[in-house]
Number of protein chains: 2
Amino acid sequence: MNSNSSSSPKVPIPTLERLATYLRFLIDLEAAQVETISSTDVEKQTGINAAQFRKDLSYFGEFGKPGVGYNVLELQARIARILKIDQLQPIMVIGAGNLGSALIGYPGLTEHKFHIAAAFDRDPAKIGRPQGDLVILNEADVREVNAEIGARIAIICVPAAAAQEVADTAILAGVRVILNFAPIILKVPERIVVRNVSFLQELAVLSYHLSGESQK
Amino acid sequence: MNSNSSSSPKVPIPTLERLATYLRFLIDLEAAQVETISSTDVEKQTGINAAQFRKDLSYFGEFGKPGVGYNVLELQARIARILKIDQLQPIMVIGAGNLGSALIGYPGLTEHKFHIAAAFDRDPAKIGRPQGDLVILNEADVREVNAEIGARIAIICVPAAAAQEVADTAILAGVRVILNFAPIILKVPERIVVRNVSFLQELAVLSYHLSGESQK
DNA sequence: TGGAACCTGTGATGAAATTCACAATCGCTT
DNA sequence: AAGCGATTGTGAATTTCATCACAGGTTCCA
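All chains use their own residue numbering, which begins from 1 and follows the written sequence. All chains are assigned letters beginning with A, and all ligands numbers beginning with 1, in the order in which they are written. Predicted model: local features are reported for residues with pLDDT of at least 70 only, side-chain atom pairs are reported and counted for 80 or more only, and whole-chain, interface and lining totals are derived from all residues. The side-chain values count all of the structure's non-hydrogen atoms but skip hydrogen atoms and water molecules.

### Considerations on the pattern of salt bridges
Any carboxyl oxygen of Asp or Glu that lies within 4 Å of a side-chain nitrogen of Lys or Arg is treated as forming a salt bridge with it. Throughout the structure, instances matching the rule amount to 18 salt bridges over all chains. Linking Arg78(B) and Glu74(B) is a salt bridge whose minimum nitrogen-to-oxygen distance equals 3.4 Å. A residue pair is termed a helical-turn pair when its members lie 3 or 4 positions apart in one helix, as Arg78(B) and Glu74(B) do in helix α4 (residues 72-82) at four residues. Residue exposure (1.4 Å probe, protein chains only): buried if accessible area is under 20% of the type maximum, exposed if over 50%, otherwise partly exposed. Arg78(B) gets classed as partly exposed once you look at its relative accessible area, which sits at 30%. Here Glu139(B) and Arg122(B) are joined by a salt bridge, their closest N and O atoms 2.7 Å apart. One end of the pair, Glu139(B), is in the loop between β7 (134-138) and α7 (142-149); the other, Arg122(B), is in the loop between β5 (114-121) and β6 (130-131), with 17 residues separating them in the sequence. Each of Glu17(A), Arg195(A) and Glu202(B) takes part in a single network of salt bridges with overlapping partners. The secondary structure listing takes helices from DSSP runs of H or I that are at least 4 residues long and strands from runs of E that are at least 2 residues long, numbered from the N terminus.

### Re the interface of chain A and chain B
Between chain A and chain B, the residue contacts involve 60 residues of the former and 62 residues of the latter. Here's the idea: put two parts together, see how much 1.4 Å probe accessible area each one loses, and the total over both is what we call buried area. Broken down residue by residue, the surface that chain A buries against chain B is led by Leu206(A), Tyr208(A) and Leu210(A), which jointly contribute 12%. Our enumeration of links across chain A and chain B arrives at two salt bridges. Polar contact criterion, stated in full: a pair of N or O atoms within 3.5 Å, where within protein one must be able to donate a hydrogen and the other to accept it, and residues adjacent in sequence count only if both atoms are side-chain atoms. Summed over the shared surface of chain A and chain B, the number is 11 residue pairs in polar contact (both at pLDDT 80 or more). The element contributing the most residues to the side of chain A that touches chain B is helix α9 (residues 199-209) of chain A, with 11 residues. Basically, the charged four are Asp, Glu, Lys and Arg, the nonpolar ten are Ala, Val, Leu, Ile, Met, Phe, Trp, Tyr, Cys and Pro, and anything else, Gly included, counts as polar. Broken down by class, the residue content of the side of chain A that touches chain B amounts to 34 nonpolar, 16 polar and 10 charged. The contact criterion used is simple: two residues touch if any of their non-hydrogen atoms lie within 4.5 Å.

### Brief notes about the protein's contact with DNA strand C
Only heavy atoms are used to decide nearness, and a residue is near a molecule or strand if one of them lies within 4 Å of it. The local shell around DNA strand C holds 27 residues, among which Ser39(A), Arg54(A), Phe63(A), Tyr70(A) and Arg18(B) are the closest. When the atoms of DNA strand C within 4 Å of the protein are grouped by moiety, sugar and phosphate amount to 69% of the total. In this structure, Glu62(A) approaches DNA strand C through a side-chain N or O atom, which is 3.4 Å from a sugar or linking oxygen. At a separation of 2.9 Å, a phosphate oxygen of DNA strand C approaches a polar backbone atom of Phe63(A). Elements represented by at least two residues in the surface near DNA strand C include exactly α3 (50-58) of chain A together with α1 (13-31) and α3 (50-58) of chain B. Per element, the largest residue contribution to the surface near DNA strand C is four residues, and it comes from α3(B). For the surface near DNA strand C, the class distribution of residues is 10 nonpolar, nine polar and eight charged.

### Structural notes on helix α1 (residues 13-31) of chain A
Residues and elements named next belong to chain A. By this rule the span expected of a helix is its residue count minus one, scaled by 1.5 Å. End to end, α1 covers 28 Å across 19 residues, agreeing with the expected 27 Å (1.5 Å per residue, within 8%). Among the residues of α1, Thr15, Leu16, Glu17, Arg18, Leu19, Ala20, Tyr22, Leu23, Arg24, Phe25, Leu26 and Leu29 are the ones counted as buried. Glutamine 33 sits one or two residues past α1 and shows a positive phi near 60 degrees.

### Topic: the state of the cysteines
Criterion for a disulfide: a pair of cysteine sulfur atoms within 2.5 Å. Scanning all chains against the criterion turns up zero disulfides over all chains. Distance from the sulfur of Cys157(A), which forms no disulfide, to the nearest cysteine sulfur (Cys157(B)) is 15 Å.

### With respect to the protein's contact with DNA strand D
Near DNA strand D you find 27 residues, and of these Arg18(A), Ser39(B), Arg54(B), Phe63(B) and Tyr70(B) are the closest. Across the atoms of DNA strand D situated within 4 Å of the protein, the share located in sugar and phosphate is 65%. One of the backbone N or O atoms of Gly67(A) is found 3.2 Å from a base nitrogen in DNA strand D. Contacts to DNA strand D include Arg54(B), whose side-chain N or O atom sits 2.7 Å from a base nitrogen. At the level of elements, α1 and α3 of chain A together with α3, β2 (64-65) and β3 (69-71) of chain B are the ones that each hand at least two residues to the surface near DNA strand D. Considering each element in turn, the surface near DNA strand D owes the most residues, four residues, to α3(A). Residue composition of the surface near DNA strand D, grouped by class: 10 nonpolar, nine polar and eight charged.

### A word on the sheet that holds strand β5 (residues 130-131) of chain A
Here, strands pair whenever DSSP counts at least two bridges between them. Strands sit in the order β5-β6-β4-β3-β7-β8-β9 (chain A) across an open sheet of seven strands; the sheet is mixed. The sheet terminates laterally at β5 and β9 (193-196) of chain A, the two strands that pair on one side only. Here strand β3 (residues 89-94) of chain A pairs with strand β4 (residues 114-121) of chain A via six bridges, running parallel. Counted as the bridge partner of Gln89(A) is Phe114(A) from β4(A). Here helix α8 (residues 160-172) of chain A sits on the sheet and contacts β3, β7 (153-156) and β8 (177-180) of chain A; the angle it forms with β7(A), its principal contact strand, is near 165 degrees. To obtain each axis, a line is fitted to C-alpha atoms, and for helices this fit is confined to the stretch in contact; angles are then taken between N-to-C directions over 0 to 180 degrees. Strands in contact with helix α9 (residues 199-208) of chain B are β3, β4, β7, β8 and β9 of chain A; relative to β8(A), the strand with the most contacts, it is inclined by about 160 degrees.

No statement about biological role is implied by the geometric values presented.
See below:
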C-alpha cells in the first residue's frame, strides 16, 4: 500500500512514522528549554500512548532512565541518528510546478537536515529559472547531475502521466527511495522504497467522515 | 496517530484510504475505455491484493458479478457516492503561503469534485491578493464567510505556531473535518476528524530505509 | 538506611488489518 | 442443458500493531 518494505527487519512502519513526530516534538521541547521528559508527559502533550512511545524506542535500544525519563537532547540526537538525518541528506526534486516550488521553499526541510540539492523540470520555460537558492535544471540531465550531488532521495512532483518515466530516470541516476506526489502507483524494482502522498486520498477519507452526523 | 476516528462503525481507515486509490484507478480505466475489471486485474495493475480489494468493497455492499468482475463506470460512481464526492464539496484553505497556493492551483481537486471555495491568510500583504480564481480573504472573517459558503472541510497550511488557533476558529465556523499540514498535533473536540500530512514524516521514513547499502 | 513516588523496558494480551481459501454464482461453449 | 473456467463475497486463519500490566531501576526525603 505504501512502502515496498523490504529493508530492515522487525521495526513496524507506524513506529518509524511516529519517530519523526517524536523528533519534531523534542525539537520543540529543546526550544522550550525542557531538559528531561517522561513517556507520561509525552502522552499528555501529544496524545500518543505512553507505552507506545516506550515500545517504539525499545526497537532501537534503551534511551531512558527509570524514575527519571528521557534526556531531551540525547533522545533527539539518537532519533536523528536512527532516521539518518543526523547529517545533511541531499534530495532531488523533479517537477517544479506549484508543489515542487512549495517544497523548495519549505523551511522545515532544512531544519530537519534535508537539503534539496537540485530541482528539475522538463518545461523549457522553467529550465534555467531561479527558484529559491536553486536554478531549475533540465530533467534530461538528472543522471549526470546526480553523479555530482549523490542524492538517494527523490521527490516526484510531476503530473501523473510523467511520473513513471521520471521515477525510472531517478532510479537509474542512483536514487534509492522516492516520495511520490503523483496520483499513480509507481512500478519500481524490489529494492526501491516508495511512499505516496495524496491530498486527494486524505480529502476523500475526510469527506467520507462527513457522513455520520449529517443524518444524526 | 492520524484520525480521531469516532464516526461510522466498522470500516477500517486503511480501507477508506484505498477507496480513493481505487477511484483514481477507475477513472484512468474509464479513460482507457476499459468497461469491466476483475479483482485479479486490479492486483496486477496496482499491486493491491485482490482479496483486499474485494473485502474493502464488501463493507459497502456487493458490486461485482461472479465470473465477470466489476463494471468500471458503475463502481466508480458508487465509490464516489460512498466518499461523498459525487457532488461538489466546498473546502476552505487557511494559509496562503507556498503550500496553500499550490493547493489552490491544483487541478486534481476539481477533477474529484472538491472545490476550494475560499482561502484565508492573516498577512495584510496577502489579503486581497488574487490567487487563481480566488481572492485571499482575511483570516479574521473565517466565520462570517463560512456562513455563506458552508465548507465543512478545512485545509490548514499555516505555520505550526498558528495552527491550533486557526483550527479552533475553523471549528467555530462549522468545519467538521480538518486536513492539517502543520507539523503539530491539533487538540480538537471528539467529534472533529483530523488528518495530518507531514512531508517531514514521510521523508524521515524514507531516509531510514537508506540504511543498508550506503557502504556499497 | 528505608520506603514512597516515579519511571522504564518488555512479555503477555488484545485489537485491527490483511490474507487465505472456498462455496456460490455467472457466462460461455458445446 | 450441462459442464467448465473465471470470479465474487466472506468466514476463518494469519499477521501486524497497539495496549496492558508489571518486574525491576532510580531518586528523593525523612
